[in-house]
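Here's the letter readout for the chains.
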2 protein chains.
Amino acid sequence: MGRVYNFSAGPAVLPEEVLKQAAAEMLDYDGCGMSVMEMSHRSKPFARIIETAEADLRELMGVPENYHVLFLQGGATQQFAAIPMNLMQNKKADYILSGSWSKKAFKEAKLYGEARCVASSEDGNFSYVPDVDGLEFTPDADYVYICQNETIYGTRYPKLPNTGNIPLVSDVSSMFLSEPVNVADYGLIYGGVQKNVGPAGVVIVIVRDDLVREDVLPFTPTIMRYKTQADAKSLSNTPPAYGIYICGLVFKWLKEMGGLEAMKARNVEKAGILYDFLDQSKLFTATARKEDRSLMNVPFITGDTDLDAKFVAEAKGAGIESIKGHRSVGGMRASIYNAMPKAGVEALVQFMDKFERENA
Amino acid sequence: MGRVYNFSAGPAVLPEEVLKQAAAEMLDYDGCGMSVMEMSHRSKPFARIIETAEADLRELMGVPENYHVLFLQGGATQQFAAIPMNLMQNKKADYILSGSWSKKAFKEAKLYGEARCVASSEDGNFSYVPDVDGLEFTPDADYVYICQNETIYGTRYPKLPNTGNIPLVSDVSSMFLSEPVNVADYGLIYGGVQKNVGPAGVVIVIVRDDLVREDVLPFTPTIMRYKTQADAKSLSNTPPAYGIYICGLVFKWLKEMGGLEAMKARNVEKAGILYDFLDQSKLFTATARKEDRSLMNVPFITGDTDLDAKFVAEAKGAGIESIKGHRSVGGMRASIYNAMPKAGVEALVQFMDKFERENA
């Protein structure tokens, strides 16, 4: 069987060029006579891999010098705990809830201090992003937390909250490297890589110098302290080396594609094809509010669960995989990350059009 | 360049058959039209991968039904914290120190309760395993902790301590699946996989039912709670999916090799070749006490640091890689894990013999 169009929300499609290179190098990386999987993380070849990955990521995102880049384990979910453990010196943090992931992060933060919900769109089943204008934050909050792109509900912050001197912490897992961001707007920006950047098992944390502190909560595991990992350049313990290598290959691919401005243009075009079709369709409806629509995750429904199920089943036959929606929204969800080619979105729209005509 | 003989202590050599299969399946796993890296962890193909891996591991180790098998992130180092967080209901634990790794685990445990050192071989630079006969344990200790094979110092417990009703917790990272163990002897047995089982980024925890508890220390991150992961079959959050897949391939390879009894025979033979040479050598000395020698990690020295450096440099030219010893012991260290072929050990001994004659 050939390659399918894989619309999974994560782990998700990776660039075919990257997979081909990984396969070719599996038994012998760069003349070392061994796989990257077999290499000591203290060896020179691996040092080059992780240092090059960091340098390329810094270049792609324009990471300022006063930010650390950490390659860690445990995914975004572990950061839900690591963030308050490291940053809650005043034991106060403000959370804006725009979906399942910020809600989970909020719940976890309550284990460590006074986490306050300052805005939520749960009343509308998270189909929109709360208005961030005029929000009042706790004056001595340690940070304000958002999940900038909601994988499940398919929303994306159209603008960031103005948090003044309070550090903004953002989970960008499902929009990571899909468009330029201004890192200086954040105190900490992080994401699990398994959506847009690499295989599951690596989370990248980009954190400003002053938030890498000694005075973390006392029971914080040593390897979860940003200070430990920043001092050791992410090598305090054995890192998820093969995942970091794949991320590095994806960074090279992104640079060849023209960087994040070029990716954004490509992603706007791809998402446009799908949203334009949805907006004129009489059968399908996009569930997220128009002005908050994600470029990466596009949930849509027919309004008829049987018809939704039929769509998912028939799509499979057309080489369209993992298009079933999350149970919180139902229907379908097309995740169209960086590595999803335009041809994949076109194939999806073509199939939707055919399905609509057949089921009108 | 061809494949080298890779004596790295970890990440370390993997079976060539496994790497070949991984390379062949990189773009299309089992007719799915996608890589295992790209697969939703909630998909049927991935469910088969993780369920088969668990079943094969249970078969290989003879894991009793009242034990959970968890595939987690963060390596053994994260378990240094997770173990006390999950098990220290009485806030008391006894540690036997036989090297760097048990010492690190001991230090971490002190963040969470009263960790007591009941025996140590630090006086002899950890060249031996403390005598476990007649040790007295804290009666209400939550557990007794050991690191059963010391990667750095090359020792292995010749027998386990008798801890009575106190659960024994053992880090078996560097001897994982190298020989049979009786899982019922332990309350919890665990290891990072990056030495004998797979790529860095997966740690396997095998834990008895009664130690999977609700009443963990209150600040334990949700995903570090064994209960969370046991209830979710290791899928509470996105697991390190590709690493688990590689572990699964290694389990199949081990079964084809004849299981753990056959691996032990093979490992005894391989280690014997190296130790026999060392015992008759006038130049090289094995640093670990004879009765405590590891089958996996063999440190040895010439007693002359310049000569050690010369050995390491010239070995490289003979296709012998990552043979430099850890700075705590100096000299050389040959890690001869499951996937190191007998021919690799023979090539090493041949080179040592030649080097000895040239530098007598």
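Cut-offs used in this document
Residues numbered from 1 in each chain as written. Chains lettered and ligands numbered in written order. Predicted model: local features only at pLDDT ≥ 70, side-chain atom pairs only at ≥ 80, totals over all residues. Heavy atoms only, no water. Pairing = 2+ DSSP bridges. Helix = DSSP H or I, 4+ residues; strand = E, 2+ residues; numbered from the N terminus. Buried < 20%, exposed > 50% of the residue type's maximum accessible area, 1.4 Å probe, protein only. Contact = heavy atoms within 4.5 Å. Axes fitted to C-alpha atoms, helices over the stretch in contact; angles between N-to-C directions. Parallel < 35°, antiparallel > 145°, perpendicular 65-115°, else oblique. Left-handed = near helix turned anticlockwise from the far one by under 90°. Nonpolar A, V, L, I, M, F, W, Y, C, P; charged D, E, K, R; others polar. Least-squares fit on C-alpha atoms with pLDDT ≥ 70 in both. Salt bridge = Lys/Arg side-chain N within 4 Å of Asp/Glu carboxyl O. Lys, Arg positive; Asp, Glu negative; His and termini not counted. Polar contact = N/O pair within 3.5 Å; in protein donor to acceptor, adjacent residues only side chain to side chain. Buried area = accessible area lost by both parts, 1.4 Å probe. Domains from an automatic or database assignment. Expected span 1.5 Å × (residues − 1). Arc of directions from axis to C-beta.

> Can you break down the sheet that holds strand β14 (residues 332-335) of chain B residue by residue, with the values?
Residue and element names in this part refer to chain B. Taken together, the 3 strands give an open sheet; going across it, the order is β11-β12-β14, and neighbouring strands pair in antiparallel fashion. At either end of the open sheet lies a strand with only one pairing partner, and these are β11 (285-286) and β14. One ladder, built from 4 bridges, connects strand β12 (residues 297-301) with β14; its direction is antiparallel. In the sheet register, Asn 297 faces β14, and the bridge partner there is Ser 335.

> Quick rundown of the environment of Glu 346 of chain B? Include the residues and the values.
All names here are of chain B. Secondary-structure assignment places Glu 346 in helix α9 (residues 342-358). Glu 346 sits in the partly exposed class, given a relative accessible area of 37%. Glu 346 sits 316 residues away from Asp 30 along the chain, and the two C-alpha atoms are 37 Å apart.

> Go over the environment of Val 345 of chain B, please, and point to the residues and values.
Residue and element names in this part refer to chain B. Tracing the sequence through the fold places Val 345 in helix α9. When its relative accessible area of 0% is taken as the criterion, Val 345 is described as buried. Counting along the chain gives 75 residues from Val 345 to Lys 270, while the straight-line C-alpha distance between them is 6.5 Å. Setting aside its immediate chain neighbours within four residues, Val 345 contacts Lys 270, Ile 273, Leu 274, Ile 336 and Met 340.

> So what's going on with the packing of helix α1 (residues 16-24) of chain A against helix α6 (residues 241-256) of chain A? Which residues, and what values?
Residues and elements named next belong to chain A. The interhelical angle for the contact between α1 and α6, taken along N-to-C directions, is 135°, at an axis separation of 9 Å. Classed by the angle they form, the pair α1 and α6 counts as oblique. For the crossing formed where α1 meets α6, the hand is right-handed. Residues Glu 17, Val 18, Gln 21 and Ala 22 of α1 form the contact with α6, whose own contacting residues are Tyr 242, Tyr 245, Ile 246, Leu 249, Val 250 and Trp 253. Residues belonging to the contact of α1 with α6 are distributed by class as follows: 8 nonpolar, 1 polar and 1 charged.

> Now, about the relation of the copies chain A and chain B: what can you tell me, with residues and values included?
Placing chain A over chain B gives an RMSD of 0.0 Å and needs a rotation angle of 180°, together with 0.0 Å of translation along the axis. Both copies are brought into coincidence by an operation consistent with a two-fold rotation axis. Among all C-alpha atoms of chain A, that of Ala 23 of chain A lies closest to the rotation axis, at 2.2 Å. A share of 98% of interface residues in chain A that are also interface residues in chain B marks the association as one of identical surfaces.

> I'd like a rundown of unusual backbone geometry, residues and numbers included.
A cis amide bond links Gly 10 of chain A to the next residue, Pro 11 of chain A, at an omega of -10°. Looking at the element boundaries, Pro 11 of chain A is found in the loop between β1 (5-6) and α1. In the Ramachandran plot, Asn 125 of chain B falls in the positive-phi region, its phi being about 45° despite a non-glycine side chain. Looking at the element boundaries, Asn 125 of chain B is found in the loop between β4 (114-120) and β5 (143-147). Accessibility expressed as a relative area gives 40% for Asn 125 of chain B, which makes it partly exposed. Despite not being glycine, Ser 322 of chain B shows a phi value in the positive range, around 55°. With respect to the helices, strands and loops of the structure, Ser 322 of chain B is situated in the loop between β13 (320-321) and β14.

> Residue-level account of the pattern of salt bridges, with values.
Under the criterion given, the structure shown has 48 salt bridges over all chains. For the salt bridge of Asp 210 of chain A with Arg 208 of chain A, the shortest nitrogen-to-oxygen distance reads 2.7 Å. Relative accessible area serves as the criterion here: at 44%, Asp 210 of chain A is assigned to the partly exposed category. A salt bridge links Asp 279 of chain B to Arg 293 of chain B; the nearest nitrogen and oxygen atoms lie 2.8 Å apart. In this pair, Asp 279 of chain B sits in helix α7 (residues 259-280) while Arg 293 of chain B sits in the loop between β11 and β12, placing the two residues 14 residues apart along the sequence. Within this structure, Arg 3, Glu 16 and Lys 20 of chain A together with Glu 38 of chain B form a network of salt bridges that share partners.

> So what's going on with the side chain of Glu 25 of chain A? Which residues, and what values?
All names here are of chain A. Counting through the fold element by element, Glu 25 comes out in the loop between α1 and α2 (44-61). At 11 Å, Arg 48 is the nearest oppositely charged side chain to Glu 25, a buried residue that forms no salt bridge. At a separation of 2.5 Å, a polar atom in the side chain of Glu 25 contacts the side chain of Tyr 245.

> A description of the interface of chain A and chain B should follow, citing residues and the corresponding values.
If you look at the interface, chain A gives 60 residues, while chain B gives 59 residues. Interface area for chain A against chain B, summed over the two sides, is near 4,500 Å², with a carbon-plus-sulfur share of 61%. Contact with chain B buries surface across chain A, with Leu 27, Met 37 and Glu 38 of chain A losing the most and accounting together for 15% of the total. Applying the counting criterion to the chain A and chain B interface returns 2 salt bridges. Ionic pairing is found between Glu 38 of chain B and Arg 3 of chain A, a salt bridge with its closest N-O pair at 2.6 Å. Where chain A meets chain B, there are 21 residue pairs in polar contact (both at pLDDT 80 or more). Residues that form the side of chain A that touches chain B fall into these classes: 31 nonpolar, 21 polar and 8 charged.

> A description of the domain arrangement of chain A should follow, citing residues and the corresponding values.
Residue and element names in this part refer to chain A. We note that the domain assignment places domain 1 (16-256) and domain 2 (259-359) within chain A. Taken together, the 27 residues of domain 1 in the interface contact 26 residues of domain 2. Regarding the contact of domain 1 and domain 2, the summed buried area is about 2,200 Å², with carbon and sulfur atoms giving 55% of it. Broken down residue by residue, the surface that domain 1 buries against domain 2 is led by Ile 152, Arg 156 and Pro 180, which jointly contribute 22%. Notably, a salt bridge pairs Glu 179 with Lys 264, separated by 3.9 Å at the nearest N-O pair. At the junction of domain 1 with domain 2, the criterion picks out 13 residue pairs in polar contact (both at pLDDT 80 or more). Elements with a contribution of two residues or more to the side of domain 1 that touches domain 2: α2, β6 (149-150), β7 (155-156) and α6. It is α6 that contributes the most residues to the side of domain 1 that touches domain 2, 3 residues altogether.

> Report on helix α8 (residues 305-317) of chain B, specifying residues and quantitative values.
Residue and element names in this part refer to chain B. With 13 residues, α8 should reach 18 Å at 1.5 Å per residue; the first-to-last C-alpha distance of 19 Å fits that figure. The set of residues buried in α8 consists of Leu 307, Asp 308, Phe 311, Val 312 and Ala 315. Buried residues along α8 cover an arc of 140° about the axis, so they all sit on one side. Exposed side chains of α8 directed beyond 90 degrees from the buried face belong to Asp 306, Ala 313, Lys 316 and Gly 317.

> Provide a residue-level description of α1 of chain A, including the pertinent values.
All of the buried residues along α1 of chain A are Val 18, Leu 19, Ala 22 and Ala 23 of chain A. An end-on view of α1 of chain A places all buried positions within 135° of arc, on one side of the element. Turned more than 90 degrees from where α1 of chain A packs its buried face, Glu 17 and Ala 24 of chain A sit exposed. Close packing links the buried residues of α1 of chain A with α6 of chain A together with α1 (16-24) of chain B.

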